Structure formats: structure tokens, C-alpha cells
Amino acid sequence: MTELDTSEYADVWVFVEVHDDVMPVSWELLAEAKTLTAKTGDDLVALVIGEDVDGIAEEALARGADRVLVADDPVFEPYRADPYGAQFRAMVEARKPSIVLIGGTHTGRDFAGRVAVPTHAGLTADVTEIDVDDEGILQARRPAFGGDILATIVCEDHRPQMATIRPGVFEAADPNYACETTLEGSIERVEVVVDEADCISEVLERVVDATADITEAERIVAVGAGIEGDLEPALELAEALDAELAATRAVVDEGWVDGARQVGQTGKTVRPDLYVAVGISGAIQHVEGMNKSETVIAINDDPNAPIFDHADYGIVGDLFDVCPQLTELVQERGILEVAR
Amino acid sequence: MTWTIVVGVKQVPDADEVGIDPDTGRLDRANAPAVMNPPDRNALEAALELRDTVGGSVLVITMGPPNATIVLEEAIAMGCDDAVLVSDRAFAGSDTWPTSLTLARAAETLEADVVLCGEETTDSSTGQVPPGIAAHNGWAQLTYAEELEPQPDEGRLVARRDVEGGYELVAAQLPVVVAVAYGEFDPRPAGLHRKIFAENDFEPREWTAADLDIEDEVGLDVSPTAVGTMETVEPVERRSELVDSVNALLEPLEETEVVG
Ligand SMILES: Cc1cc2nc3c(=O)[nH]c(=O)nc-3n(C[C@H](O)[C@H](O)[C@H](O)COP(=O)(O)OP(=O)(O)OC[C@H]3O[C@@H](n4cnc5c(N)ncnc54)[C@H](O)[C@@H]3O)c2cc1C
Ligand SMILES: Nc1ncnc2c1ncn2[C@@H]1O[C@H](COP(=O)(O)O)[C@@H](O)[C@H]1O
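Note that residues are indexed from 1 along each chain, following the sequence as it is written. Numbering of ligands from 1 and lettering of chains from A proceed in the order in which they are written. It should be noted that, the model being predicted, local features are given only for residues of pLDDT at least 70 and side-chain atom pairs only at 80 or more, the latter also being counted only at that level, while totals for whole chains, interfaces and linings use all residues. To get the side-chain values, take all heavy atoms of the structure and skip hydrogens and water.

Chemist: I keep staring at the environment of Gln141(B) and nothing clicks. Help me out?
Modeler: Secondary structure counts use DSSP, requiring at least four H or I residues in a row for a helix and at least two E residues in a row for a strand, with both numbered from the N terminus. If you trace the backbone, Gln141(B) turns up in strand E9 (residues 140-151). Remark: the alpha-carbon pair of Gln141(B) and Glu251(B), spanning 110 residues in sequence, is separated by 53 Å. Not counting the four nearest positions on each side in its chain, Gln141(B) is found in contact with Ala81(A), Asp110(A), Arg114(A), Pro131(B), Ala134(B), Val176(B) and Val177(B). Here a polar contact is recorded for every N or O atom pair within 3.5 Å, except that within protein the pair must consist of a potential hydrogen donor and a potential acceptor, and residues adjacent in sequence are included only if both atoms are side-chain atoms. Here Asp110(A) takes part through its backbone oxygen, which lies 2.7 Å from a polar atom of the side chain of Gln141(B). Of the polar contacts made by the side chain of Gln141(B), one reaches the side chain of Arg114(A); its length is 2.7 Å. The contact criterion used throughout is that any non-hydrogen atoms of two residues lie within 4.5 Å.

Chemist: How do you make sense of helix H3 (residues 96-109) of chain B when you look at a structure like this?
Modeler: A turn of α-helix holds 3.6 residues, and therefore any two residues three or four places apart point the same way. Any helix carries an expected span of 1.5 Å times its number of residues minus one. With 14 residues, H3(B) should cover 20 Å at 1.5 Å per step; its first-to-last C-alpha distance of 20 Å lies within 8% of that length. Between buried and exposed lies partly exposed: a residue is buried under 20% and exposed over 50% of the maximum accessible area for its type, with that area taken using a 1.4 Å probe on protein chains only. The buried fraction of H3(B) is high, at eleven of 14 residues. At its buried positions, H3(B) is contacted by helix H4 (106-119) of chain A together with strand E6 (56-63), strand E7 (82-86), strand E8 (114-118), helix H4 (129-137) and strand E13 (205-207) of chain B. At the exit of H3(B) stands Glu111(B), carrying a positive phi of roughly 55°.

Chemist: Whenever I open this one, the sheet that holds strand E6 (residues 99-103) of chain A confuses me. Can you help?
Modeler: Sheets are built from strands paired through backbone hydrogen bonds, the pairs being either parallel or antiparallel. All names here are of chain A. A pair of strands is labelled paired if DSSP reports no fewer than 2 bridges between them. Taken together, seven strands build an open sheet; the order of strands is E7-E11-E6-E1-E4-E5-E12 and the sheet is parallel. Only two strands of the sheet have a single partner each, and these edge strands are strand E7 (122-127) and strand E12 (186-189). Neighbour to neighbour, the strand axes of the sheet diverge by 20° on average, direction disregarded. Where E7 meets strand E11 (residues 161-165), four bridges bridge the pair, whose relative direction is parallel. Here an axis means a line fitted to C-alpha atoms, over the contact stretch when the element is a helix, while the angle between two N-to-C directions is reported on a 0 to 180 degree scale.

Chemist: How do you make sense of the side chain of Gln87(A) when you look at a structure like this?
Modeler: Residues and elements named next belong to chain A. Position of Gln87 among the secondary structure elements: in helix H3 (residues 81-95). Taking relative accessible area as the criterion, Gln87 reaches 0% and is therefore assigned buried. Here the side chain of Gln87 touches Val193 through a polar contact of 2.9 Å, landing on its backbone nitrogen. Residues contacting Gln87, with those up to four places away along its chain left out, are Ile49, Ala71, Phe76, Val190, Glu191, Val192, Val193 and Val194.

Right, dumping it as C-alpha cells:
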């Protein structure tokens with residue numbers, strides 16, 4: 001293999017994922033990437049791909065990008081892996097970014113490999129912490145094997161250094177960042193290299209509702225398979241506690257709760273003040289998404305359920321008895337507003 | 001037109017049985033029994049259902065050590081037609097780039113129309129291998145597939161893809177790589193006769209890196225990523241206090257300033 005001259009590669013790119021709206025993780029990445037460019041002196045470049053996305057390019061500047069690259073064309077709407085992959089790859093090959101960060105959404109994880117494979121880039125999945133060392137090597141940290149280990153993945157000899165980053169772990173970039181710092185960035189339209197005639201896939205239908213964002217919630221009532229399809233007791237408890245509803249993957253797979261509310265390794269990471277786990281066994285993949293919660297209460301009728309090890313307070317009992325009782329008690333006492 | 005359906009399965013340490021070595025504080029994977037990556041069972045079922053509708057054959061492939069034959073036997077017991085073990089010392093240290101290259105070459109050699117994979121593995125959990133296979137071969141891909149509708153006359157496969165907040169129906173031209181959403185496609189049990197055949201008579205085909213003509217393109221040297229350090233994460237301190245009445249939960253709720 002021929003050695004790659006890594007010094008030819010510069011700048012940190014952040015992919016801004018657009019489906020009608022911008023996925024929140026994009027702005028989280030933009031903010032976190034600033035901590036990298038502050039150290040390396042690189043430009044922070046936002047990449048916007050879509051159709052009629054000028055407004056979003058402006059917003060990326062307002063939120064702190066030094067530069068924005070825009071690929072604007074109907075071929076990119078709605079999202080498909082092959083045109084996104086091809087366009088992104090062409091831009092990477094022409095402009096040689098050192099670091100490329102992509103949100104670990106279904107979309108991000110879908111096309112990232114289509115860029116990393118042909119460019120022979122290093123791609124780390126599901127990253128929850130990022131940093132750079134003195135040589136500008138990205139330190140991409142990710143939980144391994146169910147979260148007991150934090151592995152640092154590095155890519156020394158290949159470029160770009162790519163990572164998909166788990167949604168919900170970083171704070172979103174301030175929409176007024178540029179005003180406050182009088183930063184002035186630039187927007188550049190890039191050549192669109194993809195042609196509809198070359199596409200090998202077609203979106204026949206797309207049905208998407210506004211997605212709930214549970215990552216910012218201060219209080220969460222999360223339900224597991226123990227609810228057996230009956231959300232009522234948990235919903236009432238959530239209302240009494242002024243809490244958001246969340247769920248395990250088992251519940252989402254059953255179709256009882258929308259996937260946007262899934263907590264865990266393949267769902268969201270949450271850190272509320274209070275997390276009430278209702279009928280949840282406490283599988284490692286679930287716990288990984290909730291163990292940053294301040295206080296955890298678990299309700300489960302199996303005294304040996306692992307969730308009790310990951311809870312501050314546990315009550316062994318039937319959730320269909322415990323939830324209504326707790327709801328009533330909370331209503332009697334009166335809840336305090338969530339401090340925002 | 002019948003389809004050649006290839007399924008990638010991987011042997012992983014049983015996630016429920018992985019303990020921490022008390023001396024090193026490291027995960028003790030060596031002593032965990034090896035099992036089939038659970039999401040790959042969903043891919044196998046999806047493959048068998050496709051074969052039921054379209055006709056053709058289901059070929060299972062694993063890249064792994066010789067004893068990974070066991071997971072191939074399991075797949076044969078479920079009803080798959082044939083299996084390939086791709087095994088070579090040259091693969092040691094491979095990250096997702098050479099892994100997906102190897103599987104891509106194998107799929108090409110098998111003249112796959114459809115390659116089915118699991119959503120992700122429980123040991124490396126990247127989910128990058130299926131798009132990697134597609135990218136190496138320039139094929140279409142359908143990830144997070146919850147339902148599949150084959151359209152053999154058009155040479156297309158339509159998938160219902162799970163996306164944030166909803167779903168989409170995407171049609172892809174063959175050959176296509178599919179990553180089946182974990183938990184979808186309930187795996188069928190193995191039939192008794194098939195099981196006996198798989199365990200006693202079945203031998204997988206065995207391929208090396210040289211058979212796929214990729215000896216110089218696999219292993220540690222071509223893997224862009226490397227694991228730098230591994231830190232054991234301090235388990236979050238929890239009180240783990242069991243209370244015996246619902247009333248007793250009020251105190252913690254007061255402390256967390258939820259109730260007055
Ligand atoms: C690659 C991969 C990724 C995954 N990602 C995720 C993820 O992101 N998030 C996630 O949550 N999971 C994930 N999982 C799945 C995870 O391994 C578990 O299967 C899942 O979390 C179990 O969900 P559960 O606790 O709701 O169900 P179960 O494990 O079935 O637990 C139900 C619990 O309810 C209790 N119960 C039953 N009835 C009652 C009652 N009446 N009153 C009180 N308690 C009752 C039972 O005792 C039991 O403990 C993933 C798995 C894999 C392989
Ligand atoms: N070594 C392998 N052999 C066969 N299939 C694999 C291998 N590694 C990954 N796969 C397939 O790719 C899917 C995703 O794996 P990963 O990208 O490692 O999370 C798995 O569920 C398998 O279907």
C-alpha cells in the first residue's frame with residue numbers, strides 16, 4: 001500500500017442531515033466539533049445536501065460553522081443512500097477533509113459506509129465522545145460490549161477520519177452563535193456530480209410524523225415489555241410527574257410506542273433528573289442509554305430483574321398496581337414544575 | 001427468474017455470558033460461549049421467506065475462525081441450502097473495511113442477487129458491514145428493513161425501511177444488500193431431520209483469502225481503524241435500595257424536587 005500524505009488533509013466537516021427539518025444531532029455535532037477546531041485551528045465546515053436548502057445553510061453559519069458547502073438538487077430529495085454516498089464521496093475526494101462527523105441516525109449510518117469504503121477512510125460507529133490529540137488524530141470513544149468498556153478508536157494512516165456520533169449526547173449549537181461572536185462565514189455551492197439516471201434505488205413512499213425529542217426531558221417514565229400493550233398506567237404516571245414517555249426496544253418493536261422514544265444503544269441517550277423504569281428488565285443495551293440519569297426508580301415484579309442494580313430505588317410489584325398508586329400519591333402531594 | 005440469496009452470519013461471544021476478568025478488569029470474552037449473532041437470525045428468516053416467494057437458494061456465509069462452522073450448521077438446520085466458511089489467518093485484525101471487502105467478493109463469487117445481513121453485531125456493533133458490502137460492489141442497499149416485497153419480474157426488491165419517526169418504502173435494483181431490522185422476521189425453528197443432517201453430514205465449503213484473490217487486501221495492514229485504548233467504565237453508582245411500599249418512593253421524589 002502506498003503511504004498517504006495525511007498533511008494534505010485539513011478541516012473538520014459536519015454533515016447536516018435534512019429531511020424537511022434538520023435532525024437535532026446535526027447541531028449537536030456542530031457545537032462539539034468546535035471544541036476540535038479550537039484545538040487544531042482547522043475550519044469547521046458544515047455540509048448541507050438536499051433540495052432548496054439555502055435557509056439551512058444560513059442557519060449552519062448562524063450556529064457557528066466557518067464555512068458551509070451546499071449540494072442542492074432534486075436528486076437528493078428524499079434521501080437515498082446511493083446519490084448521497086456518491087456526492088459526499090466526490091466532495092471528500094476533491095477537498096480532503098481531515099475529520100468528518102455524521103449523526104448516528106438511520107440515515108447517517110446508512111450512507112457513511114458508502115463514503116468510507118471507496119475512499120478507504122477510517123469509520124468509527126456509534127461514538128459518544130470525541131477529542132483530538134496533538135497530532136490532530138481524532139480520538140473517537142465509544143462504548144463497547146454493552147457499555148462496560150469505553151474504547152478509543154483511532155485512524156492514524158488513513159483520511160478522512162470519519163465517525164458516526166450517537167444522537168443526544170452533546171448540547172446543540174446555539175442558533176445565535178455567529179451574532180454573539182460576530183463570526184462571518186461563507187456559503188459555497190458545490191458541483192452536483194450525481195445524475196438521476198445513474199440511481200439504483202427509488203423511494204416509493206415516505207411517511208414520517210414529527211418525532212418526539214426525549215433527549216432533553218428532565219423527567220422520563222419509560223415502559224418495557226411488562227406493560228403488555230397497555231400504556232394507560234404509565235401514561236397517567238407520566239402526566240402526574242410532568243414526564244415524557246420513553247420505551248425499550250421490545251416495546252417499540254411491538255409497535256406500542258414510536259421508535260423516536262426508544263432509549264438505549266440503538267435508540268437515544270437520555271439524562272433526565274428522574275427516570276422511572278416500568279416493567280423493564282434492564283438489558284445492557286437499554287441501560288447504556290439511561291445510566292446517565294440522575295435518579296432512577298424501577299418498578300418490576302421480578303425481584304431478580306437486573307434493572308434493580310441500575311436503579312436507586314426499586315419496588316417489587318405488579319406495575320398495574322404500583323403505577324396507579326404512585327400516580328395518586330404524586331397527585332395528592334402536588335408536583336413541582338420542572339426547572340428549565 | 002429465481003434468486004440467489006446470500007446471508008452473512010457472524011459468530012459472537014454470548015453477550016449474556018461475558019464476565020469481567022477480576023484480575024485485569026477487562027471483559028473476559030474468551031470464556032463466553034460463542035453463539036450466532038442474534039440479529040442474524042432475523043436475516044436468515046427474511047432470506048428463507050424470500051426463497052419461499054421467489055424460489056432459488058439461500059447460501060450462508062461467515063468470515064471467521066474454523067469453529068464458526070457451528071453457526072453455519074445452525075443456519076443449515078433452519079433450512080438454508082448451502083454454506084461457506086471464509087477463514088484465513090490473513091484476516092486477523094480486520095476492521096469493517098476488509099471484512100466487508102471479503103464478504104463483498106464472496107457474494108460476487110456466489111453470484112448473489114440479494115445479500116441479507118443482520119442490523120448489527122453484538123460484539124463490534126457497527127452496522128457498517130452491510131453498507132460496506134454494497135459500497136465495495138457498487139450495489140444498492142436497504143438498511144433497517146422491516147418488511148420485504150420481492151419484485152422478481154422487475155429485478156427489484158422493495159423494502160419498508162424504519163426511519164426516525166416513521167417509515168419509507170424503497171425499491172432497489174438487484175443485486176442489493178439488505179440489513180434486516182433487529183427483531184423483525186421471527187426466526188423459524190429448525191426441523192428435526194434438517195438438524196440431524198446439519199450436525200452429522202453437512203460440511204461447508206471453505207474459502208481462503210487467496211480463493212477470493214484478496215490476500216493483500218485484508219487484515220490489520222489495510223484496516224484504517226485501530227483500537228487505541230480500552231478503559232473499563234466505572235459502573236454508575238446506584239443506591240439499589242428496594243423499598244417495600246409505594247409511599248416510600250415519596251422521599252426520593254422530594255429529594256429530586258419532583259414533588260413538594
Ligand atoms: C444489537 C441490539 C441492540 C439493542 N438495542 C436496544 C436499545 O436501544 N434499547 C433497548 O431497550 N433494547 C435494545 N436491545 C434489546 C435488549 O437486549 C432487550 O431485549 C430489551 O431491552 C428488553 O426490553 P424489556 O425490558 O422491555 O423487555 P423484557 O426483557 O421482556 O422485560 C420485561 C420486564 O417486565 C417485567 N414485568 C412483566 N410483567 C410485569 C408486571 N405486570 N409488573 C411489573 N413488571 C413486569 C418482567 O419481570 C421483565 O423484567 C438491543 C438488542 C440488540 C441485540
Ligand atoms: N465476519 C462476518 N461474517 C459474516 N457476516 C458478517 C460478519 N461481520 C458482519 N457480518 C454481517 O453484517 C451485519 C452487521 O455487522 P456489523 O457491521 O459488524 O455490526 C451482521 O449482522 C452480519 O449479518
